[in-house]
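# Descriptive analysis of the structure
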Amino acid sequence: MSEKISDKNSHLSIEKTILADDLKICKILNGMWQVAGGHGQIDSESAVNDMEKYQKCGFTTWDLADIYGPAESLIGNFRRKIGKDIKFQALTKFVPNPGPMSSSIVTHYIDQSLKKMDTDCIDLLQFHWWDYNNVSYLDALQHLSKLQNEQKIKHLGLTNFDTERVRIIIEKGFKIVSNQVQYSILDQRSQKLMTPFFVKHGIKILTYGTLLGGFFSEKYLGTDEPHRTELTTSSLQKYKNMIDVWGGWQLFQELLQVLDSIAKKYQCSIANIATRFILDKPQVAGVIIGTRLGIINHRDDNAKVFTVKLDPDDISLIDEITAKSNDLFKVIGDCGGEYR
Ligand SMILES: NC(=O)c1ccc[n+]([C@@H]2O[C@H](COP(=O)([O-])OP(=O)(O)OC[C@H]3O[C@@H](n4cnc5c(N)ncnc54)[C@H](OP(=O)(O)O)[C@@H]3O)[C@@H](O)[C@H]2O)c1
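Below is a short write-up of the structure. (Residues numbered from 1 in each chain as written. Predicted model: local features only at pLDDT ≥ 70, side-chain atom pairs only at ≥ 80, totals over all residues. Heavy atoms only, no water.)

## A short note on the side chain of aspartate 334
Here is the rule: Every helix listed is a DSSP run of H or I at least four residues long, and every strand listed is a run of E at least two residues long, numbered separately from the N terminus. Between two residues, a contact is recorded if the distance between any of their heavy atoms is within 4.5 Å.
For aspartate 334, the position within the fold is in the segment after helix H12 (328-332). When residues no more than four places from it in sequence are discounted, the contact partners of aspartate 334 are Asp162, Thr163, Arg189, Leu193, Met194 and Phe329.

## What about the nonpolar core?
One broad trend across soluble globular proteins is that nonpolar side chains are buried collectively. Rule in force here: Put simply, a nonpolar core is a bunch of buried Ala, Val, Leu, Ile, Met, Phe, Trp, Tyr and Cys residues held in one set by side-chain atoms that sit within 4.5 Å of each other. Between buried and exposed lies partly exposed: a residue is buried under 20% and exposed over 50% of the maximum accessible area for its type, with that area taken using a 1.4 Å probe on protein chains only.
Of all hydrophobic cores here, the largest spans 99 residues; its most connected members are Phe216 and Phe252. Tallying contributions element by element places helix H8 (residues 249-265) first for this core, with nine residues. Leaving out residues up to four positions away in the same chain, phenylalanine 252 has contacts with Leu186, Leu212, Phe215, Phe216, Ile243 and Trp246. Among the nonpolar cores identified, the runner-up in size contains eleven residues, and Ala20, Leu29, Leu91 and Val177 belong to it.

## Let's talk about helix H4 (residues 136-149)
Applicable threshold: Residue count minus one, scaled by 1.5 Å, sets the expected span of a helix.
The end-to-end C-alpha separation of H4 is 20 Å, in line with the 20 Å expected for 14 residues at 1.5 Å each. Of the positions making up H4, those classed as buried are Ser136, Tyr137, Leu138, Ala140, Leu141, His143, Leu144, Ser145 and Leu147. Elements in contact with the buried residues of H4: strand E5 (89-94), helix H3 (103-117), strand E6 (122-127), strand E7 (153-159) and helix H5 (163-171). At the C-terminal side of H4, glutamine 151 shows a positive phi close to 65°.

## Here we look at the pattern of salt bridges
Heads up, the condition is: Each reported salt bridge corresponds to a side-chain nitrogen of Lys or Arg within 4 Å of a carboxyl oxygen of Asp or Glu.
Inspection of the entire model under this criterion finds 24 salt bridges. The shortest N-O distance in the salt bridge between arginine 165 and glutamate 164 comes to 3.5 Å. For arginine 189, the salt bridge goes to glutamate 338, with nearest N and O atoms at 3.0 Å. In this pair, arginine 189 is assigned in the loop between strand E8 (178-182) and helix H6 (194-201) and glutamate 338 in the segment after H12, connecting sequence segments 149 residues apart. Taken together, the shared-partner salt bridges in this structure form one network comprising Asp22, Asp123 and Lys154.

## What about the environment of aspartate 187?
To be explicit about the condition: Contacts described as polar in this section are N or O atom pairs within 3.5 Å, which, within protein, must combine one atom able to donate a hydrogen with one able to accept it, while residues neighboring in sequence count only if both atoms come from side chains.
Within the secondary structure layout, aspartate 187 lies in the loop between E8 and H6. A relative accessible area of 0% places aspartate 187 in the buried class. C-alpha separation for the pair aspartate 187 and leucine 328, spaced 141 residues apart in sequence, amounts to 6.8 Å. Aside from chain neighbours lying at most four places away, what touches aspartate 187 is Gln182 and Leu328. A polar contact is formed between the side chain of aspartate 187 and the side chain of glutamine 182, at a distance of 2.8 Å.

## Some details on the sheet that holds E7
Each strand in a sheet pairs with its neighbour through backbone hydrogen bonds, running either in the same direction (parallel) or in the opposite one (antiparallel). Spelled out, the test is: Two strands form a pair only when DSSP identifies at least two bridges running between them. Where helices are involved, their axes are fitted lines through C-alpha atoms of the stretch in contact, as for all axes, and angles between N-to-C directions lie from 0 to 180°.
Read around the closed barrel, the eight strands follow the order E3-E4-E5-E6-E7-E8-E9-E10; overall the barrel is parallel. On average, each strand axis in the sheet is tilted by 30° relative to the strand beside it, whichever way the strands run. Looking at chain direction, E6 and E7 are connected through five bridges and run parallel. The partner of isoleucine 122 across the bridge, within E7, is isoleucine 153.

## A closer look at the site of the ligand
Note the following rule: By convention in this text, a residue qualifies as near a molecule or strand provided that one of its non-hydrogen atoms is within 4 Å of it. Methods summary: accessible areas were calculated by the Shrake-Rupley approach with a probe of 1.4 Å, and residue burial reflects only the protein chains presented. Any residue that is not Ala, Val, Leu, Ile, Met, Phe, Trp, Tyr, Cys, Pro, Asp, Glu, Lys or Arg is counted as polar, Gly included; the first ten are nonpolar and the last four charged.
What surrounds the ligand is a group of 31 residues, the closest being Gln34, Asp63, Ser235, His298 and Asp301. Tyrosine 239 is positioned with one of its side-chain polar atoms (N or O) 2.7 Å from an oxygen atom of the ligand. When the ligand sits alone it has 910 Å² of accessible area, and the protein chains cover 93% of it. Sorting the residues of the shell around the ligand by element identifies helix H7 (234-246), strand E10 (284-290) and helix H10 (299-303) as the ones contributing at least two each. Among the elements that take part in the shell around the ligand, E10 stands out by supplying three residues, more than any other. Among the residues forming the shell around the ligand, the class breakdown is twelve nonpolar, 15 polar and four charged.

## Some remarks on the packing of aromatic side chains
Heads up, the rule is: Only Phe, Tyr and Trp rings are paired, with Trp represented by its six-membered ring, and only when their centres lie within 6.5 Å; those with planes under 30 degrees apart are stacked, over 60 edge-to-face, the remainder tilted.
For the structure on display, the rule yields 20 aromatic pairs. Ring centres of phenylalanine 78 and phenylalanine 88 lie 4.9 Å apart, and the angle between their planes is 55°; this geometry places the pair in the tilted category. Taken together, the positions of phenylalanine 78 in helix H2 (residues 71-82) and phenylalanine 88 in the loop between H2 and E5 put the pair ten residues apart, joining distant regions of the chain. The structure contains a cluster of three or more aromatic residues connected by ring pairs, namely Phe94, Tyr109, Phe127, Trp129, Tyr132, Tyr137 and Phe161.

## Details of the packing of H5 against H6
Rule in force here: If an angle is under 35 degrees, it is roughly parallel; if it is over 145, roughly antiparallel; if it lies from 65 to 115, roughly perpendicular; otherwise it is oblique. For any helix crossing, the convention is left-handed if the near helix is rotated counterclockwise from the far helix by under a right angle, and right-handed if that rotation is clockwise.
Where H5 meets H6, the axes come as close as 10 Å, and the angle between the chain directions of the two elements is 20°. Classed by the angle they form, the pair H5 and H6 counts as roughly parallel. Taken as a pair, H5 and H6 cross one another with a handedness that is left-handed. On H6, the residues that touch Thr163, Val166, Arg167 and Ile170 of H5 are Met194, Phe197, Phe198 and His201.

And the structure:
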């Protein structure tokens, strides 16, 4: 099970995958939204010390964004602390306010990220766009491609783009490696349009919300519906809304019970089953799991995912519950619809 931070440096076996040429990432990525505020007070020194422990355990891939508070600077501090010879992967995001996307604006923001992260080249730059009515996202991608040619960006990815826009982007000739979307047992919208399209075009999916901010854990098994004031992180608040839209607390409890029975069969945790279920989906390259650096970690427990193999009976049991839920694709639309 999950552990409070200790000095123990366990050496876990963390599987990796090739996301793109010259970019190997862990199949479980360490998510850094949790340092942005709304998830407890983060102390930079403890955070960087904790990042070192992730690195030593083999969790060497970080997901961050220019809008996640100090996340990019923490990566820079971490790089300086461990030395430039030790390899890790830092996948950041460019999340501009909608508006004209000139070359100088885009270059300014990417240069800022490079400086904070203390690197010459970003491993994967994931681009987010808030408003499809403003087609300047295509200008931004043009400039990002130019920065890629200048080797300031190794690979280009997207986040929260729907299938229709990814199609437009591909047809314009942009080379996109991945799209980062919400994907969990609860939210399988991406399977409708995105996965078949991505199979055809060799685009990978990086997932978030796979643990529903922590709702997919023994902590919530058999509990009464929490009041909003009891939800102590922004992540829990966000995914409680998702549970409500999906089918409500009672159906969620049915799902947790099924996940718990499967977890007991494999002597692992509910979180492991929720992660494994998504890792096994086509085109999924990795599951991002939020890390509250310097506060609590679940490294040992999450590493157990790589020892679990679900069988068809397990999948059927899960599918029986999700079949009773609302169709999130109908309610919210394709991936990223929740942001627009
Ligand atoms: N592109 C986007 O728009 C977007 C949006 C959201 C998130 N993200 C990315 O995805 C990352 C994940 O964030 P998320 O909000 O979706 O959260 P999440 O990964 O669904 O949940 C993270 C929380 O789950 C709990 N947890 C982790 N491992 C566990 C285990 N083995 N057993 C029990 N509980 C466990 C922890 O809670 P405690 O800390 O309370 O123990 C942790 O804080 C973010 O950091 C970010 O990098 C991207």
